[in-house]
There are 2 protein chains.
Amino acid sequence: MAAEIADADLVMLATPVGQMAELMARIAPHLGPQTIITDGGSTKSDVVREAYAQLGSRVGQFVPAHPIAGAELSGASAARSDLFQWKKVVLTPLPENSAVSVDRVRRAWELCGAMVSQMTPAQHDEVFAVVSHLPHLLSFALVHDIAQRDNRDLLLSFAASGFRDFTRIAASSPEMWRDICMGNREALLGELQVYIAELNRLSSALAAGDAEQLEQTFFAARELRAGWTLK
Amino acid sequence: MAAEIADADLVMLATPVGQMAELMARIAPHLGPQTIITDGGSTKSDVVREAYAQLGSRVGQFVPAHPIAGAELSGASAARSDLFQWKKVVLTPLPENSAVSVDRVRRAWELCGAMVSQMTPAQHDEVFAVVSHLPHLLSFALVHDIAQRDNRDLLLSFAASGFRDFTRIAASSPEMWRDICMGNREALLGELQVYIAELNRLSSALAAGDAEQLEQTFFAARELRAGWTLK
């Protein structure tokens, strides 16, 4: 592997976040002076932390990235050549990255048809805790709750399209989502607490028979969701 | 209206549950001896309670039903002639219903292509609290939470297909879901408490860095969900 990495212009660490540290440690001694490394991890602060620890003075050669093309399928058999066409990729560059390095990673993704944007690792993890990690946790939690029950087959036999769509992401890889949740623990915990507080508020409204508060909550949600489409 | 109802064999109360009591009270004096009434409400215990109150000695002429063909669209403009083809309809007959009456409602739905099953009103409301009412509440809650934030547009711009599907039902009718939640308050409150307990358990696992517990939860959910398809 050593010679290939020394000669490479761009190395993609296409490995689960949990194995990123080990892989970084293995390739670090073999990096050529021009080699740029990037990754595809769904969390960024933890990967960046490992990059500083494992790559040391060569951390400037690592440009962190998150391609956003989720599917409930995973592994090599789920690969598709057009997977990134029109999809978003977020780069979370480090102060140590040169503009040329960042641009090279950006252009590589644009060649795959992706739309590239930039933010800091912390901003990235905050955003994805809300729009991705929390919904996955919530969907897993509902299906897990049903899985514990003796009448789960009866329950599922009456589930309809709303349930189907709400729980599609609960068929995602347990190992990958364990790593994502652990990798973004802090932001995810914060969002989970906010969400539990929202549920407690709705629970009180229900208990009090406060139909008005329920309707206002549903109305605000419907207004935002009905006006949004995935681009 | 009076003459039409007296002559009718089967009258469908196609009205929001919140207006069912008033409609029952209005038609009660005009029911012919052979007229059967049914409904399409998403909750059953509350409708049945109103039927006893409004129809009195004629409650045997009311066969409660719930056709399950959800969509985030509502109203007359969302009508489709094949809406019930292969869809499920649950009848929740009353002890006062004759076998002939129940069978007539069953056959009417089967003529629309639906698959008809039966349970008690309480069983119905328990089942749908889990597989329908709770997921709707959870989806509304997440989108409402985002709607309150100043950076909601940024957040939505990075939402992907998982978020899209999880929140599709948050574009549902606020008035209809207010009525459903209020109509099935007791069962929904119970399920919401179970779910909040599940989230608190996951929150503790996250805080403790218990990756094993997260993975076990996700694995059990994935196993059940990946093995299920909507028929």
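Residues numbered from 1 in each chain as written. Chains lettered and ligands numbered in written order. Predicted model: local features only at pLDDT ≥ 70, side-chain atom pairs only at ≥ 80, totals over all residues. Heavy atoms only, no water.

(A) Quick look at the packing of helix α2 (residues 20-27) of chain B against helix α3 (residues 45-55) of chain B. All names here are of chain B. It is at 9 Å that the axes of α2 and α3 come closest, and there the two elements cross at 30°. Here α2 lies roughly parallel to α3, going by the angle between them. Here α2 and α3 pass one another in a crossing that is right-handed. For the pair α2 and α3, contact is made by M20, A21, M24 and A25 and by V47, E50, A51, Q54 and L55, respectively. Here the contact of α2 with α3 is built from residues that sort into seven nonpolar, one polar and one charged. (Axes fitted to C-alpha atoms, helices over the stretch in contact; angles between N-to-C directions. Helix = DSSP H or I, 4+ residues; strand = E, 2+ residues; numbered from the N terminus. Parallel < 35°, antiparallel > 145°, perpendicular 65-115°, else oblique. Left-handed = near helix turned anticlockwise from the far one by under 90°. Contact = heavy atoms within 4.5 Å. Nonpolar A, V, L, I, M, F, W, Y, C, P; charged D, E, K, R; others polar.)

(B) Expanded view of the sheet that holds strand β2 (residues 36-39) of chain A. All names here are of chain A. Pairing within the open sheet is parallel, and its three strands lie in the order β1-β2-β3. The open sheet has two edge strands with one neighbour each: β1 (10-13) and β3 (62-63). Across the sheet, helix α2 (residues 20-27) is in contact with β1, β2 and β3; its angle to β1 comes to roughly 150°. (Pairing = 2+ DSSP bridges.)

(C) A look at the environment of N97 of chain B. Residues and elements named next belong to chain B. Structurally, the position occupied by N97 is in the loop between β5 (88-91) and α4 (99-111). Expressed as a C-alpha distance, the spacing of N97 and G60, which sit 37 residues apart in the sequence, is 4.4 Å. A polar contact of 2.9 Å, which involves the side chain of N97, links it to the backbone oxygen of G60. Looking at N97, its side chain comes within polar contact range of the main-chain nitrogen of L94, at 2.7 Å. (Polar contact = N/O pair within 3.5 Å; in protein donor to acceptor, adjacent residues only side chain to side chain.)

(D) Spotlight on the relation of the copies chain B and chain A. For the pair chain B and chain A, the superposition axis carries a translation of 0.0 Å, the fit reaches an RMSD of 0.0 Å, and the rotation angle comes to 180°. On this basis, the relationship between the two copies can be described by a two-fold rotation axis. The rotation axis passes nearest to the C-alpha of F166 of chain B in chain B, at a distance of 2.0 Å. A high fraction, 99%, of the interface residues of chain B reappear at the interface in chain A, so the copies pair face to face through one surface. (Least-squares fit on C-alpha atoms with pLDDT ≥ 70 in both.)

(E) Local environment of the pattern of salt bridges. Applying the stated criterion across every chain, the model contains 20 salt bridges over all chains. With a shortest N-O distance of 3.7 Å, R106 of chain A and E110 of chain A are connected by a salt bridge. Here R106 of chain A and its partner E110 of chain A are both found in helix α4 (residues 99-111), four residues apart, which amounts to about one turn of the helix. In this structure, the salt-bridge partner of E215 of chain B is R178 of chain A, at a minimum N-O distance of 2.5 Å. With E215 of chain B in helix α10 (residues 211-226) and R178 of chain A in helix α8 (residues 174-183), this pair bridges two chains. (Salt bridge = Lys/Arg side-chain N within 4 Å of Asp/Glu carboxyl O.)

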